[in-house]
Amino acid sequence: MDNKVIIKLSDKACKNEAVSRFFGTPTVPGEWFDDEIFGEGEVFVCQIALADFTDFGGYGLFPTDGYIYFFFDTEDKEDPLRIRFFGDTPDTVVEDFNDSVDFEISSREYSVVFSKDGENLTGAFIGSTELSGDDVILFDFTNADKELFNFLGDRKRIKISKSALKSLEFDKAELI
């Protein structure tokens, strides 16, 4: 089944802190800092507000609210992917999240527009829901802006099993 959702990046300012965005300033749960879950070399890539995404389906595998976060661990060459889920509204804006890591990643913030149109749109990427066997492609950066996502190297897709996604075990996602 082919049911791709396009995630377009826009230069328009984000309306508020707890919206879908790429790069820039994340809004995360404050308890994550209490639990010290972030590694020294982690950089923020995106946060997806699932309420923004639910109009596009998801095969009943995605929650209808909460947030999916994508961080990249610059110190872990084997498994740099850090995908996390939070089921409520995050409360802590972190203005300088990426500043302490010496790593080439965009500091410009992009708001997100979800669409079913423009599958091969240059400068955009296809995200979330192309099913392949027992796996779901959570993000597919193969059509993404090469400059923005060059830190991914040759691995441009993030997959997760349907069962791991349904049980919110995002730590089982893999960069392929």
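Definitions and cut-offs
Residues numbered from 1 in each chain as written. Predicted model: local features only at pLDDT ≥ 70, side-chain atom pairs only at ≥ 80, totals over all residues. Heavy atoms only, no water. Buried < 20%, exposed > 50% of the residue type's maximum accessible area, 1.4 Å probe, protein only. Helix = DSSP H or I, 4+ residues; strand = E, 2+ residues; numbered from the N terminus. Pairing = 2+ DSSP bridges. Patch = residues over 30% accessible without salt bridge, like charges linked within 9 Å, V, L, I, M, F, W, Y side chains within 5 Å. Areas by Shrake-Rupley, 256 points an atom, 1.4 Å probe, with all protein chains shown as cover. Salt bridge = Lys/Arg side-chain N within 4 Å of Asp/Glu carboxyl O. Lys, Arg positive; Asp, Glu negative; His and termini not counted. Charge placed at Lys NZ, Arg CZ, Asp CG, Glu CD.

1. Here we look at the pairing of strand S1 (residues 5-10)
In terms of burial, S1 is largely enclosed, as five of its six residues are buried. Note: S1 against strand S8 (residues 110-115), five bridges, orientation antiparallel. What sits directly across from Ser-10, in S8, is Ser-111.

2. Remarks on a negative patch on the surface
Judged by side-chain charge, Glu-31, Asp-34, Asp-35, Glu-36, Asp-65, Asp-88 and Asp-91 come together as a negatively charged surface patch. Assignment of secondary structure puts Asp-88 in the loop between strand S6 (81-86) and strand S7 (92-93).

3. Considerations on the pattern of salt bridges
Oppositely charged side chains may form a pair once their charged atoms are brought near each other. Applying the stated criterion across every chain, the model contains eight salt bridges. Between Glu-42 and Arg-84 there is a salt bridge whose closest N-O contact spans 2.9 Å. Of this pair, Glu-42 sits in strand S4 (residues 42-49) while Arg-84 sits in strand S6, and the two are 42 residues apart along the sequence. Across the pair, Arg-84 and Glu-42 agree in class, each one buried. One salt bridge in this structure joins Arg-157 and Asp-140, with 3.1 Å as the shortest N-O distance. Of this pair, Arg-157 sits in strand S11 (residues 157-161) while Asp-140 sits in strand S10 (residues 135-140), placing them 17 residues apart in sequence. With relative accessibility at 9%, the residue Asp-140 sits in the buried group. Each of Asp-73, Asp-76 and Arg-82 takes part in one network of salt bridges that share partners.

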